[in-house]
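This is what each chain is made of:
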Amino acid sequence: MKDAYSLILSAIDNGTYRPGDRLVESELAERFGVSRTPVREALQRLETQSMLTRDGRSLIVSALDHNQLTELYAVRTELEALAARLAARHASREEVRVLGAMVEEDREILDDPHALARANRRFHHQIHLASHNRYLVQQLDIVHRTMALMAHSSLAVPGRGEDSLDEHRAIVKSIAAGNPDEADAALRAHISLAYETRLRQGARDWAATVEQERQ
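I will try to describe carefully the structure that is included in this document.

The rules behind these values
Residues numbered from 1 in each chain as written. Predicted model: local features only at pLDDT ≥ 70, side-chain atom pairs only at ≥ 80, totals over all residues. Heavy atoms only, no water. Helix = DSSP H or I, 4+ residues; strand = E, 2+ residues; numbered from the N terminus. Buried < 20%, exposed > 50% of the residue type's maximum accessible area, 1.4 Å probe, protein only. Lys, Arg positive; Asp, Glu negative; His and termini not counted. Salt bridge = Lys/Arg side-chain N within 4 Å of Asp/Glu carboxyl O. Contact = heavy atoms within 4.5 Å. Phe/Tyr/Trp six-rings, centres within 6.5 Å; stacked < 30°, edge-to-face > 60°. Lys NZ or Arg CZ within 6 Å of the ring centre and 35° of its normal. Pairing = 2+ DSSP bridges. Axes fitted to C-alpha atoms, helices over the stretch in contact; angles between N-to-C directions. Expected span 1.5 Å × (residues − 1). Arc of directions from axis to C-beta.

1. Comments concerning the side chain of R145
Its place among the elements puts R145 in helix α7 (residues 134-147). Buried R145, no salt bridge; nearest opposite-charge side chain is D141, N-O distance 7.9 Å. If we skip the residues at most four places from it in the chain, R145 touches Y5, L9, Q49 and M51.

2. So, the pattern of salt bridges
Applying the stated criterion across every chain yields a total of 14 salt bridges. Notably, a salt bridge pairs R36 with E25, separated by 3.1 Å at the nearest N-O pair. Pair noted here: R36 is in helix α3 (residues 36-48) and E25 is in helix α2 (residues 25-32), with a separation of eleven residues, a long-range link. For E25, a relative accessible area of 16% gives the class buried. Among the charged side chains, a salt-bridge network with shared partners connects E78, R85, D181, D184 and R188.

3. Looking at the side chain of R76
Positionally, R76 belongs in helix α4 (residues 66-90). Once residues within four sequence positions are removed from consideration, R76 is found in contact with H124, V143, H144, M147 and I191.

4. Let's talk about the packing of aromatic side chains
Inspection of every chain in the model, using the stated rule, returns one aromatic pair. With 4.6 Å between their ring centres and 20 degrees between their planes, Y73 and Y195 make a pair best called stacked. On the criterion of sequence distance, the pair formed by Y73 in helix α4 and Y195 in helix α9 (residues 180-214) is long-range, its members being 122 residues apart. Over the ring of Y5 we find R45, and its NZ or CZ is 3.6 Å from the ring centre.

5. Remarks on the sheet that holds strand β2 (residues 52-55)
In space, the three strands of this open sheet follow the order β1-β3-β2, with antiparallel pairing throughout. In the strand order of this sheet, the two ends are held by β1 (22-23) and β2, each with one partner. Across two bridges, the pairing between β1 and strand β3 (residues 58-61) is antiparallel. Across the sheet, the residue bridging to R22 is I60, located in β3. Against the sheet, α3 engages β1, β2 and β3, with an angle of about 100 degrees to β2.

6. A word on helix α1 (residues 4-13)
A large share of α1 lies buried, amounting to seven of its ten residues. Among the residues making up α1, those that are buried are A4, Y5, L7, I8, L9, A11 and I12. On its buried face, α1 is in contact with β1, α2, α3, β2, β3 and α7. A positive phi of about 90 degrees marks G15, the residue just after α1.

7. A few points about helix α5 (residues 93-106)
With 14 residues, α5 should reach 20 Å at 1.5 Å per residue; the first-to-last C-alpha distance of 20 Å fits that figure. Within α5, the full set of buried residues consists of E95, V96, L99, M102, V103 and D106. Looking straight down α5, one finds that the buried residues subtend no more than 115 degrees of arc, so they occupy a single side. Opposite the buried face of α5, by more than 90 degrees, sit the exposed residues R93 and R97. Each element contacted by the buried residues of α5 is listed here: α4, α6 (113-130) and α8 (160-176).

Take a look at the structure:
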């Protein structure tokens, strides 16, 4: 059985609670069927990790500003590229086959951005594991936990899902070939395109908000 911390974190990760949403101790305890004490401790832990922010006396799910997003992607790029490089050196044949199967299976859910986003996290986590470096996996877990604070997935942008899977295939091909340099480059290109897509979407959202305010 998951603890209160894991339950709340999963709810943020899957979008049940989104940036700006207020988290109420009593409501969380009722939703997850746990007592208020572990919920209180979980909220304190999440606040310490900057997953939650104080708004007066309330705790709300944090949101990433432009600078935080830039910093997060800079760190993610380096760590993910290292994971791909190490996976090209250390991944077993079975791990490579699993990665390849994920890419093909995920083509069945291209019309479901939420499912595709979950599958994307699963794919990247599998690369992390294939690096066979526990310390790197731990750091990437922190990065991907923080990514849950993004309001939208770049995979919801039309056409991005299919492009992303093509990029995943290139990454797997490089890992399967045992070529660290190519795996590193393929992963960096993948993250760069995802970041660019997110920036473009953010610019469109900002423009739409400004237009609404003028009406």
